[in-house]
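Working through the structure, step by step
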Amino acid sequence: MTRTPTPNPRKQIRKWVSSEPVQTWLAPLATWFALMVLALLLGAWYAQSLSPTPKQATWMDWSMVMVVVLISTVLCLAIWRLLRINRKELRHIHRLSQFNALLAQINQTIAQTPDETRLLQRSCDLAVELAHLKLAWIGKPDAEGTIQFLASAGEQKYLDGIFISIREDLPEGHGPTGQCWRVKLPVFGSSKEDVDRLAPWSGPSKRFGLRSCAALPIYRNTQPWAVLAVYHEENGVFETDLQEILEELARDVGYGLDYIDLLSRERAAVAMNESLLNNTTAGMALVSYPDRVIVKANQRLADLWGYSRASDFVGQSIQTLLGDNHVIRKKTGALYQTVLTQGQAEARDVPYQRADGTTIYMDLTAGRIDRDMADRIIMTWTVVDVTERHQLAKNWIRQALADPLTELANRRALDDEMEHAIARAHRHHSTLVVCMLDLDGFKEINDIYGHETGDQVLKATARRLERIMRKSDFIARIGGDEFVLLIEGETSPPELEMIFGAIESVISEPIILSNHATVTLGVSMGVCLYPSAEVAGSDTLLRYADRALYESKAHKSDRLRYWVQHGEAVPRRSNTHQLLLKQGGVEVFYQPILDTRHKKIVAIEALARLRSSDSHIIYPKEFLPQITADDTTDLSRLVLTQALADLKVLDDKGWFLDVSFNLSPQSFATHCVSWLSDVIERSGIDPSRITAEILESDDFLERDSALVALHAIRKIGIRLALDDVGSAYSSLLRLKELPVDKVKLDQGFVRTLEKYPQDLHFVRAIQDLATELKVDLVVEGVETEDVLDAMLTMGVQYLQGHVISQPLPLRALEDFLAHFELSPVELPTTLFGFYASTMVSHGTRKKMIMINPAELNLETLPDGRRCREHEIMRRFGYGDESDLVRSHNLYHQALGAVIDLDMRSRSDSDWEAMEEAFSSFTQSILVEWGSEPHNHKPKIA
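Treat the numbers as computed from the prediction; the structure is a model and nothing was measured. (Residues numbered from 1 in each chain as written. Predicted model: local features only at pLDDT ≥ 70, side-chain atom pairs only at ≥ 80, totals over all residues. Heavy atoms only, no water.)

**Quick word on the overall build of the protein chain**
A count of helices and strands for the protein chain gives 32 helices and 26 strands. Scored against the burial criterion, the 941 residues of the protein chain give a buried share of 45%. When contacts within the protein chain are restricted to residue pairs at least 6 apart in sequence, those whose partners lie at least 24 apart make up 62%. A total accessible area of about 49,400 Å² is found for the protein chain, and carbon and sulfur atoms account for 54% of it. (Helix = DSSP H or I, 4+ residues; strand = E, 2+ residues; numbered from the N terminus. Buried < 20%, exposed > 50% of the residue type's maximum accessible area, 1.4 Å probe, protein only. Contact = heavy atoms within 4.5 Å. Areas by Shrake-Rupley, 256 points an atom, 1.4 Å probe, with all protein chains shown as cover.)

This is the structure:
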């Protein structure tokens, strides 16, 4: 009896730790743990440094620790994620190259292996050896539907005693092999459903580590003949590109079997010819040596060589008949010597030009018989016409390197040619031009007329490119409507422009379809030149050409030409908005900024507008996407110049205001400070009255170069504002590092406050942040009386928005300033403002409870009637019996319970009860606010 070995726990643990999944997670986990320990140690030190005794450390100190822990965790996960993505991509590229190498070796094996068994076994061996598959086998179903294995490699013990069927009525017929045979299509699997389908073999699969599988039909003489099954140790390996390679591999094995069948038929024919000389299908002749004269021949040889009778060439030298072709000399040169030494010899695929001028391909088999009466050595020549086989092999090669639709070279052929072209350019010190072009409008043609019409268009385009390109040029289709052109030689820029012009002209010609419809295409092209300092190889050349193509397509509407060279800017023509900018169509409007503490307008923001020829006003959201970074810089300069001139006009009339203008980070450069200084100096305006607003949403602020640019601008004396705060969280993290004087809350965020009132907490948080950083906060986008009341109640000092004033031209601004007055009303004036007030009050009370509850009035706090909010509700007309007042009283009772407990020991349940009571109270406010008539609210401004 065999004794089962006792498993070694230490070896199992070592194997588990070294496994790939554990290693994948172990590294980031260890890094995270180390960061956590470091963060906790730093946090403990920080808390200790702030507190003389441990008891005085507050929750805020430890919250800083938790923030550090959270940031460390996010950073670790982000780094791990990037490493995982990069590793997965590299592994995929490596695997793809392995499978391509496998396909190439399989094709070479097909050409060199005339034996079926050797072909099948060699295919399995190569699959395991080159593609690193765990198992590969080829099986054929017998009469009972049971798979009989013809060849296998890899984990062959998996196949011992295994039962696989193609019958649907058996569980063993529901696996990938059975399904592949029945549907006559490849089956790829590694999902949960695929595992369930492998239930009869799940045990062996787990034991041998087979996690992904694929089954592909092998066709022989156009009929399903066998199944190729491959297995991999990883999940989800067989992605789309690998599936295509495996499908092509299965097809090539089928072609190889067809080729073997053809060879078998030829060998059978030769055997028959030997027994039936007169009825043979092969040409036969007796040739004397050393004079190499044909002594005798059969009629079949005459037919093969294009003669009416064998007597027409009997007595002639074989060399005269075969000609002086160097290919023939190479293939037949050693034929005679081999026959003399070994008794027989063979020459395959020998080209021969028949008497009628056509070329056939022959297999020549020569054997020695004996000497004749003239003491000459007599050899037998057997000639078999293998033109069909040669053409089939040629077709296989063409299919492997050609696009089946257009018959142009495919991506594999392009990769080979690129290496040769680069070598030639290097050797001859010449230029290689790589052009990647894409058909504009092809997708629309496909969608309207269908894929068959799209195929017609691609074929027509291929033929047109072949017609105009030189013989030395190379054309390939690499997928979809993308083509690649390789242009070699000493090609000057004018010659290239002529070639590119011809390409555009021929592609733009109308194409008449089979249904007599006419379509017209455009073209976009990216160009990369070799040699170039940036280019290291063929992959880089194609990638840069593709990048240039992308730039060309991105600027189809305003480009000057259809092609873009890598490393050069896209030549563009000016659009309508750029023309207006250059022709003086810029107008400056001003939106007032209200100082709520001093109850007056203290500043204006200068906003650019374009006025079209028909006096239509064009707003920034329309024209900014259509202009360049240089245009944006010019626009900022024009706006600032006009704004400073208008500021002097306002000064003369007694309105001493500050002005702000928008400065895009795209405009930051060394000359930015120069033109800013020049404009301000010529205006005579004090720089401290000027604020440059920089968009917070631009990633420029995340670069270290931003600090250099901002400090340089600050040295001029103007102030800096961070605009649209809240649209990019990352810049909030760097706010403490940026030399800004004020921040402006994103108006898109403020405009939705009535829809999402809870977002007032964020406004409060930004308000507190600005106070701590000692920067001014401007809330823009205040467009309703409710939001204005809420901002005034919360104590926001600077407000901007349509409820105060919309952007105005200078004359209208003067009229506004002359009549503006902030009404002296008791706040809040609306229930929405009351909601904001209660939110602020509640936050203050919570802080006091947590920090120093003794400062609170413990006698009055539980009584809601002694709260200011009670007076406000009475002013709004809500009596003691109203739901709103009752929910307010319940809230104060819950506050009193928390305070009473806090003096002894805090209870989480009472704290939660207090929060629930406050939530109920504020919800009641919002319900009342939503039901009141909004058109009867008192106007503040």
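Right, picking up where we left off after that structure.
**Concerning the sheet that holds strand 4 (residues 212-220)**
Reading across from one edge, 2-1-5-4-3 is the order of the 5 strands in this open sheet, with antiparallel pairing throughout. The sheet is open, and its two edges are formed by strand 2 (147-154) and strand 3 (187-189), each paired on a single side. Pairs of neighbouring strands in the sheet enclose a mean axial angle of 15°, with direction left out of account. As judged from the 7 bridges shared by strand 1 (residues 135-141) and strand 2, these two strands associate in the antiparallel manner. Bridging from a neighbouring strand, Trp137 pairs with Ser152 of strand 2. (Pairing = 2+ DSSP bridges. Axes fitted to C-alpha atoms, helices over the stretch in contact; angles between N-to-C directions.)

**What about the confidence of the model for the protein chain?**
On average, residues of the protein chain score 82 in pLDDT, and 82% of them are at 70 or above. At the level of individual helices and strands, the protein chain shows its lowest average pLDDT in helix 6 (residues 192-197), which scores 50, and its highest in strand 26 (residues 798-800), which scores 96. (pLDDT = per-residue confidence, 0-100.)

**Notes on helix 21 (residues 629-652)**
Because each turn of an α-helix spans 3.6 residues, side chains separated by three or four positions in sequence point in the same direction. A rise of 1.5 Å per residue sets the reference length of helix 21, with its 24 residues, at 34 Å; its end C-alpha atoms lie 35 Å apart and thus fit the reference within 8%. Residue Gly654 follows helix 21 closely and has a positive phi angle near 95°. (Expected span 1.5 Å × (residues − 1).)

**Structural notes on the side chain of Asp786**
Within the secondary structure, Asp786 sits in helix 27 (residues 785-794). On the accessibility criterion, Asp786 (3% relative accessible area) is buried. Within the local environment of Asp786, its side chain forms a polar contact with the side chain of Trp929, the two groups lying 3.1 Å apart. (Polar contact = N/O pair within 3.5 Å; in protein donor to acceptor, adjacent residues only side chain to side chain.)

**Section: the packing of helix 29 (residues 831-851) against helix 30 (residues 868-875)**
Look at helix 29 against helix 30: their axes get within 11 Å of each other, and the N-to-C directions meet at 170°. Between helix 29 and helix 30, the angle falls in the class roughly antiparallel. Together, Phe834, Ser837, Thr838, Ser841 and Arg845 of helix 29 and Arg868, Glu869, Ile872 and Met873 of helix 30 make up the contact between the two elements. In terms of residue class, the contact of helix 29 with helix 30 is built from 3 nonpolar, 3 polar and 3 charged. (Parallel < 35°, antiparallel > 145°, perpendicular 65-115°, else oblique. Nonpolar A, V, L, I, M, F, W, Y, C, P; charged D, E, K, R; others polar.)

**Describing helix 15 (residues 442-449)**
Here helix 15 has its buried residues at Phe442, Ile445 and Asn446. Seen from one end, helix 15 has its buried residues packed into an arc of 100°, which puts them on one side. Among the exposed residues of helix 15, those oriented more than 90 degrees off its buried face are Lys443, Asp447 and Ile448. Contacts from the buried residues of helix 15 go to strand 11 (431-440), helix 16 (451-468) and strand 15 (518-519). Downstream of helix 15 by a residue or two, Gly450 has a phi angle that is positive, lying close to 105°. (Arc of directions from axis to C-beta.)

**Comments concerning the nonpolar core**
Membership of the largest hydrophobic core comes to 101 residues, with the highest contact counts inside it found for Leu676 and Met791. Ignoring anything within four residues of it in the chain, the contact list for Leu676 reads Leu640, Phe661, Leu663, Ile713, Ile716 and Ile718. Counting 37 residues, the second largest nonpolar core, distinct from the first, contains Phe99, Ile138, Phe188 and Val230. (Core = buried A, V, L, I, M, F, W, Y, C linked by side-chain atoms within 4.5 Å.)

**Some details on the pattern of salt bridges**
What the rule picks out here adds up to 43 salt bridges. The salt bridge involving Arg751 is made with Glu783; its shortest N-O contact spans 2.8 Å. Of this pair, Arg751 sits in the loop between helix 25 (747-750) and helix 26 (760-773) while Glu783 sits in the loop between strand 25 (776-780) and helix 27, placing them 32 residues apart in sequence. The class for Arg751 is partly exposed, based on a relative accessible area of 44%. By relative accessible area, which is 31% here, Glu783 ends up partly exposed. Taken together, the salt bridges that share partners define one network made up of Arg348, Asp349, Asp363 and Arg389. (Salt bridge = Lys/Arg side-chain N within 4 Å of Asp/Glu carboxyl O.)

**Focus: the pairing of strand 13 (residues 482-489)**
Side-chain direction in a regular strand flips from residue to residue, so the side chains alternate between the two faces of the sheet. Of all 8 residues in strand 13, 6 are buried; the element is thus mostly enclosed. Pairing of strand 11 with strand 13, which is carried by 8 bridges, proceeds in the antiparallel orientation. Following the sheet pairing, Val433 is matched in strand 13 by Ile487. With 5 bridges joining them, strand 12 (residues 474-479) and strand 13 adopt antiparallel strand pairing.

**Quick word on unusual backbone geometry**
With an omega of 5°, the peptide bond between Tyr530 and Pro531 qualifies as cis. Mapped onto the elements, Pro531 comes out in the loop between strand 16 (522-530) and helix 18 (538-554). Cis geometry marks the peptide bond from Leu827 to Pro828; its omega dihedral reads -5°. For Pro828, the location among the structural elements is in the loop between helix 28 (810-819) and helix 29. The phi dihedral of Arg292 is positive, around 60°, even though this residue is not glycine. Looking at the secondary structure, you find Arg292 in the loop between strand 6 (283-289) and strand 7 (294-297). The backbone of Lys599 sits at a positive phi, close to 55°, despite the residue not being glycine. Relative to the elements of secondary structure, Lys599 occurs in the loop between strand 18 (586-595) and strand 19 (600-611). Under the relative-accessibility criterion, Lys599 is labelled partly exposed at 47%.

**Considerations on the environment of Thr922**
Assignment of secondary structure puts Thr922 in helix 32 (residues 908-931). The class for Thr922 is buried, based on a relative accessible area of 9%. Between the alpha carbons of Thr922 and Tyr891 there is a distance of 9.9 Å; along the sequence they are 31 residues apart. The residues touching Thr922, leaving out its near neighbours within four places in the chain, are Tyr835 and Thr838. Within the structure, the side chain of Thr922 is placed 3.0 Å from the backbone oxygen of Ser919, a separation counted as a polar contact.

**Here's the deal with the packing of aromatic side chains**
By convention here, two paired aromatic rings are described through the distance between centres and the angle between planes. Throughout the structure, instances matching the rule amount to 16 aromatic pairs. Ring centres of Phe832 and Trp929 lie 4.9 Å apart, and the angle between their planes is 40°; this geometry places the pair in the tilted category. Here Trp929 lies in helix 32 and Phe832 lies in helix 29, a separation of 97 residues in the sequence. Note on Phe832: relative accessible area 0%, which makes it buried. Above the face of the Phe589 ring, Arg609 is positioned so that its terminal group lies 5.7 Å from the ring centre. Here Arg637 stacks its cationic end above the ring of Trp675, 5.6 Å away from the centre of that ring. (Phe/Tyr/Trp six-rings, centres within 6.5 Å; stacked < 30°, edge-to-face > 60°. Lys NZ or Arg CZ within 6 Å of the ring centre and 35° of its normal.)

**Notes on the sheet that holds strand 11**
Pairing in this open sheet of 5 strands is mixed, and the strands run 12-13-11-16-17 from one edge to the other. The strands lining the two open edges of the sheet, one partner per strand, are strand 12 and strand 17 (563-565). Taking each pair of neighbouring strands and ignoring which way they run, the sheet shows an average axis angle of 20°.

**Digging into the environment of Leu242**
Assignment of secondary structure puts Leu242 in helix 8 (residues 240-275). Separated by 146 residues in the primary sequence, Leu242 and Leu96 place their C-alpha atoms 6.6 Å from one another. Excluding residues within four positions of it along the chain, Leu242 makes contact with Arg95, Leu96, Phe99 and Val237.

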